[in-house]
Amino acid sequence: MPYRHAHYYVLVVIAVIVAGFWPSYFGAWGSAPWQFHAHGIAASLWVTMVAAQSWTAHHRQLPLHRAVGKSSLLLFPFLIGGLAAIIDVTAKAYVAGDGPARMMFGGSFLIGLTLAIAAYVTLYYRALKYRRQVWIHSGYMLATPLILFESPFSRLLNAFMPGLTISGPGDLHLVMPSILWSMAIELAVIAAIRLKFGKRANPFLIAAGFIVAQMLTMGLMTDSALLKSLLATIGQLPSAAVVLAGFAIGALTSWAGWHAGKRPAVPVPVSEAVQPA
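Along each chain, residues carry numbers from 1 onward, in the same order as the chain's sequence is written. Totals for whole chains, interfaces and linings use every residue, but because this is a predicted model, local features are given only for residues with pLDDT of at least 70 and side-chain atom pairs only at 80 or more, for both listing and counting. To obtain the side-chain values, all non-hydrogen atoms of the structure were used and water was disregarded.

**Some thoughts on the environment of G246**
Strands here are runs of E lasting at least two residues and helices are runs of H or I lasting at least four, both read from the DSSP assignment and numbered beginning at the N terminus. Looking at the element boundaries, G246 is found in helix α9 (residues 239-260). Judged by relative accessible area, G246 falls into the buried class, the value being 5%. G246 sits 229 residues away from I17 along the chain, and the two C-alpha atoms are 22 Å apart. We call two residues in contact when some of their heavy atoms are within 4.5 Å. The residues contacting G246, other than those within four sequence positions of it, are P77, I80, G81 and A84. Three exposure classes are used, based on accessible area relative to the maximum for each residue type with a 1.4 Å probe and protein chains only: buried under 20%, partly exposed in between, and exposed over 50%.

Shown next as structure tokens:
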């Protein structure tokens with residue numbers, strides 16, 4: 001099986017998620033807004049599911065592997081709905097003028113989250129479509145935790161990395177450099193995977209394309225009036241509409257990917273289909 005130690009690396013991503021989001025989410029569970037829970041629970045389950053898929057595949061637990069894989073069909077709409085919930089809470093806070101970081105980088109957060117949704121949809125759809133080709137399928141599935149890595153790791157950089165540490169409002173300009181450095185690390189990991197496994201690791205290059213797009217748009221469009229206007233418009237929408245739109249995108253992706261990966265129907269010869277009277 002490909003990527004035999006991948007589940008250990010996914011566990012590292014889980015550790016980064018817990019550490020990075022501990023102050024703002026896991027350690028403040030009772031006071032976190034519902035949008036954080038919608039995203040946090042779904043994303044945590046998703047990464048755990050990817051680790052379980054890798055572990056079961058490499059321990060010859062194929063029936064369990066397939067069962068866990070099928071559960072992803074139901075989980076994926078919640079993953080995308082959760083990301084839409086973060087867009088919603090970001091937009092609502094921007095409209096309300098709540099939080100200097102959102103006021104400063106709200107437009108960048110919007111385009112980054114939108115591209116993250118596009119990345120998940122593309123990677124998961126193709127993982128389902130090519131689920132009978134083990135290298136391609138596993139590559140697409142294992143690329144999804146990389147999209148989650150940037151946000152918690154950038155928070156760790158802002159907490160502990162000299163030169164990027166945020167000690168007060170005057171340091172908020174360091175938010176974007178920490179995000180870009182985190183994405184650069186993601187690209188370095190993908191480059192290492194590609195060098196080790198060659199063309200078999202091409203699915204990770206699709207993830208790299210989305211990460212580069214995030215770096216360029218988030219880094220260059222921080223002050224985009226268009227993005228800020230769009231963010232303000234989303235902030236006026238009902239939360240249910242925003243989240244359900246994300247959920248619908250996720251559900252459609254699950255449905256389309258599953259059907260795209262089905263074996264083609266084998267036509268029955270006419271001589272066998274038509275029986276003599």
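**Quick look at the packing of helix α3 (residues 62-96) against helix α4 (residues 100-129)**
Axis angles are defined between N-to-C directions and span 0 to 180 degrees, where every axis is a line fitted to C-alpha atoms and, for a helix, only to the segment in contact. Packing of α3 against α4 brings their axes to within 9 Å, and their N-to-C directions diverge by 170 degrees. The angle between α3 and α4 places the two elements in the roughly antiparallel class. Residues were grouped as follows: Ala, Val, Leu, Ile, Met, Phe, Trp, Tyr, Cys and Pro as nonpolar; Asp, Glu, Lys and Arg as charged; and all remaining residues, including Gly, as polar. Residue classes in the contact of α3 with α4 are distributed as 20 nonpolar, 3 polar and 1 charged. An angle counts as roughly parallel when it lies under 35 degrees, as roughly antiparallel when it exceeds 145, as roughly perpendicular when it falls between 65 and 115, and as oblique in every other case.

**Overview of unusual backbone geometry**
Phi at Y3 is positive, roughly 50 degrees, even though this residue is not glycine. The buried category is assigned to Y3, whose relative accessible area is 8%. Unlike most non-glycine residues, R60 shows phi in positive territory, near 60 degrees. Residue R60 is classed as exposed on the basis of its relative accessible area of 65%.

**With respect to the layout of surface pockets**
Site definitions follow a grid-based scheme: protein atoms alone, a 1 Å grid, a 1.4 Å probe that fits but cannot get out for cavities, and for pockets an open set with protein on both sides within 12 Å along at least five of seven lines, plus lining residues having an atom within 4 Å of a point. Grid points are joined across faces, edges and corners, and a volume is the space filled by probe spheres set on the points. In this structure, the largest pocket occupies an estimated 1,200 Å³ of space. If you go around the largest pocket, you meet 44 residues; those closest to its centre are F21, S24, F109, S151 and R155. A per-element tally of the lining of the largest pocket places helix α5 (residues 134-160) first, with 11 residues. By residue class, the composition of the lining of the largest pocket is 27 nonpolar, 13 polar and 4 charged.

**Thoughts on the nonpolar core**
Y3, W46, Y120, I147 and F204 are the most contacted members of the largest nonpolar core, which has 74 residues in total. At the level of elements, α1 (6-21), α2 (34-58), α3, α4, α5, α6 (175-197), α7 (202-220) and α8 (225-235) are the ones that each hand at least two residues to this core. Here this core takes 14 residues from α4, the largest share from any one element. Only buried residues count toward a nonpolar core. Its members are Ala, Val, Leu, Ile, Met, Phe, Trp, Tyr and Cys residues joined through side-chain atoms within 4.5 Å.

**A closer look at the packing of aromatic side chains**
Between the rings of Phe, Tyr and Trp (Trp by its six-membered ring), a pair exists once the centres lie within 6.5 Å; its type follows the angle of the planes, with under 30 degrees stacked, over 60 edge-to-face, and the other angles tilted. Scanning all chains against the criterion turns up 12 aromatic pairs. Here the aromatic rings of Y3 and F204 are separated by 5.6 Å at their centres, their planes lie at 75 degrees, and the arrangement is edge-to-face. Remark: F204 occurs in helix α7 and Y3 occurs in the segment before α1; sequence separation between them is 201 residues. Both residues of the pair, Y3 and F204, count as buried. Arranged with centres 6.1 Å apart and planes meeting at 40 degrees, the rings of F105 and F109 form a pair that is tilted. A residue pair is termed a helical-turn pair when its members lie 3 or 4 positions apart in one helix, as F105 and F109 do in helix α4 at 4 residues. Only when the NZ atom of a Lys or the CZ atom of an Arg is both within 6 Å of the ring centre and within 35 degrees of the ring normal do we say a charge sits over the ring. Taking NZ or CZ as reference, R131 lies 3.9 Å from the ring centre of W258, over its face.

**Quick look at the confidence of the model for the protein**
With 95% of its residues at a pLDDT of 70 or more, the protein has an overall mean of 92. The least confident element of the protein, judged by mean pLDDT, is helix α10 (residues 270-273) at 56; the most confident is α9 at 97. Confidence of the predictor at the level of single residues is given by pLDDT, which spans 0 to 100.

**Looking at the packing of α4 against α6**
Describing two packed helices takes the angle between their axes plus the distance from one axis to the other. Where α4 contacts α6, the two axes come as close as 11 Å, and the packing angle between them is 25 degrees. One element, α4, and the other, α6, form an angle in the roughly parallel class. Residue-level contacts link F105, S108 and F109 of α4 to V175, M176 and I179 of α6. Looking at side-chain class alone, the contact of α4 with α6 contains 5 nonpolar, 1 polar and no charged residues.

**Considerations on α5**
Helix span, as expected, comes to 1.5 Å for every residue beyond the first. If you check α5, its first and last C-alpha atoms are 39 Å apart, about what 27 residues at 1.5 Å a residue would give, namely 39 Å. For α5, the principal kink sits at F149 and spans about 35 degrees; a proline, P152, occurs within the next four residues. Within α5, 20 of the 27 residues are buried, which leaves the element mostly enclosed by the surrounding structure. Throughout, the bend at a residue refers to the angle made by two axes, fitted to the seven residues ending there and to the seven starting there.

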